[in-house]
Amino acid sequence: MQKVAVIHGPNLNMLGLREPEIYGTTNLEMLNNDLREKAEELNLNIEIIQSNHEGEIVDFLHQNYEGLAGIIINPGGLTHTSVVLRDALASVRLPVIEVHISNIHRREEFRKKSITAAAAVGQITGLGVYGYLLALEGLKDLFRKEKY
């Protein structure tokens, strides 16, 4: 069974509370439960982490990439600032799908540029938490086609 890491970046622990008009009312626990159900349906093993610290995310990638088939990541604010995270994602040489709950291209100017997207095979943005489930389906399809 292929293993996928789902990485929630900074401030995603506040999902459901933080700006619900932008990010919705689903909290992180609810999202993670939905992800586990979807992974089971797709016959994928899933490991979910959340960190508010860039270094912890990088360490997780460096220490766990060999056991992974793919990565789904919402880098949060690190999307727009972290060359370090972009390089870590590129270095593990796994298919990465970047997810954003809001449409970053319709937000403030500083949110429109994703540094981390250059290390991803795709990006899902603006579909709310449903984007995470689509990312799982997308990775499963990539695995099925043996592109990775």
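Note that the coordinates shown come from a computational prediction; the quantities given were computed from them, not determined experimentally.

**What about the nonpolar core?**
Leu-35, Ile-72, Tyr-132 and Leu-136 are the most contacted members of the largest nonpolar core, which totals 26 residues. For this core, the elements supplying multiple residues, two or more each, are strand S1 (3-8), helix H2 (28-41), strand S4 (96-100) and helix H5 (130-144). Counting residues per element, this core draws most heavily on H5, which supplies 7 residues. Discounting chain neighbours no more than four positions away, the residues touching Ile-72 are Val-4, Ala-5, Val-6, Ile-7, Ile-97, Val-99, Tyr-132, Ala-135, Leu-136 and Leu-139. Counting residues in hydrophobic clusters, the runner-up holds 19 residues, among them Ile-49, Leu-68, Leu-78 and Ala-119.

**Section: the layout of surface pockets**
Considering only enclosed or pocket space, the largest pocket measures out at about 190 Å³ in volume. Residue lining of the largest pocket: 15 residues in total, with Arg-18, Tyr-23, Gly-76, Gly-77 and Arg-111 positioned closest to the centre. Looking at the lining of the largest pocket residue by residue, the classes come out as 5 nonpolar, 7 polar and 3 charged.

**Describing the packing of helix H3 (residues 54-64) against helix H4 (residues 83-91)**
Running from N to C, H3 and H4 cross one another at 10°; their axes reach a closest spacing of 10 Å. With respect to H4, the axis of H3 lies roughly parallel. Contacts between H3 and H4 involve Glu-54, Ile-57, Val-58, Leu-61 and His-62 from the first element and Val-84, Leu-85, Ala-88, Leu-89 and Ser-91 from the second. Of the residues assigned to the contact of H3 with H4, the class counts are 7 nonpolar, 2 polar and 1 charged.

**Digging into the pattern of salt bridges**
All told, the structure shown has 10 salt bridges when counted by the stated rule. Salt-bridge contacts for Arg-18 lead to Glu-19; the nearest nitrogen and oxygen are separated by 3.3 Å. Arg-18 sits in the partly exposed class, given a relative accessible area of 28%. For Arg-144, the salt bridge identified is with Asp-141, shortest N-O distance 3.4 Å. Here Arg-144 pairs with Asp-141, and both are found in helix H5, just 3 residues apart, close to one helical turn. Linked through salt bridges whose partners overlap, the residues forming this network are Lys-38, Glu-41 and Glu-137.

Reading the values: the criteria
Residues numbered from 1 in each chain as written. Predicted model: local features only at pLDDT ≥ 70, side-chain atom pairs only at ≥ 80, totals over all residues. Heavy atoms only, no water. Core = buried A, V, L, I, M, F, W, Y, C linked by side-chain atoms within 4.5 Å. Buried < 20%, exposed > 50% of the residue type's maximum accessible area, 1.4 Å probe, protein only. Helix = DSSP H or I, 4+ residues; strand = E, 2+ residues; numbered from the N terminus. Contact = heavy atoms within 4.5 Å. 1 Å grid on protein atoms, 1.4 Å probe; cavity = no way out; pocket = protein on both sides within 12 Å on 5 of 7 lines; lining within 4 Å. Points joined across faces, edges and corners; volume = space filled by probe spheres on them. Nonpolar A, V, L, I, M, F, W, Y, C, P; charged D, E, K, R; others polar. Axes fitted to C-alpha atoms, helices over the stretch in contact; angles between N-to-C directions. Parallel < 35°, antiparallel > 145°, perpendicular 65-115°, else oblique. Salt bridge = Lys/Arg side-chain N within 4 Å of Asp/Glu carboxyl O.

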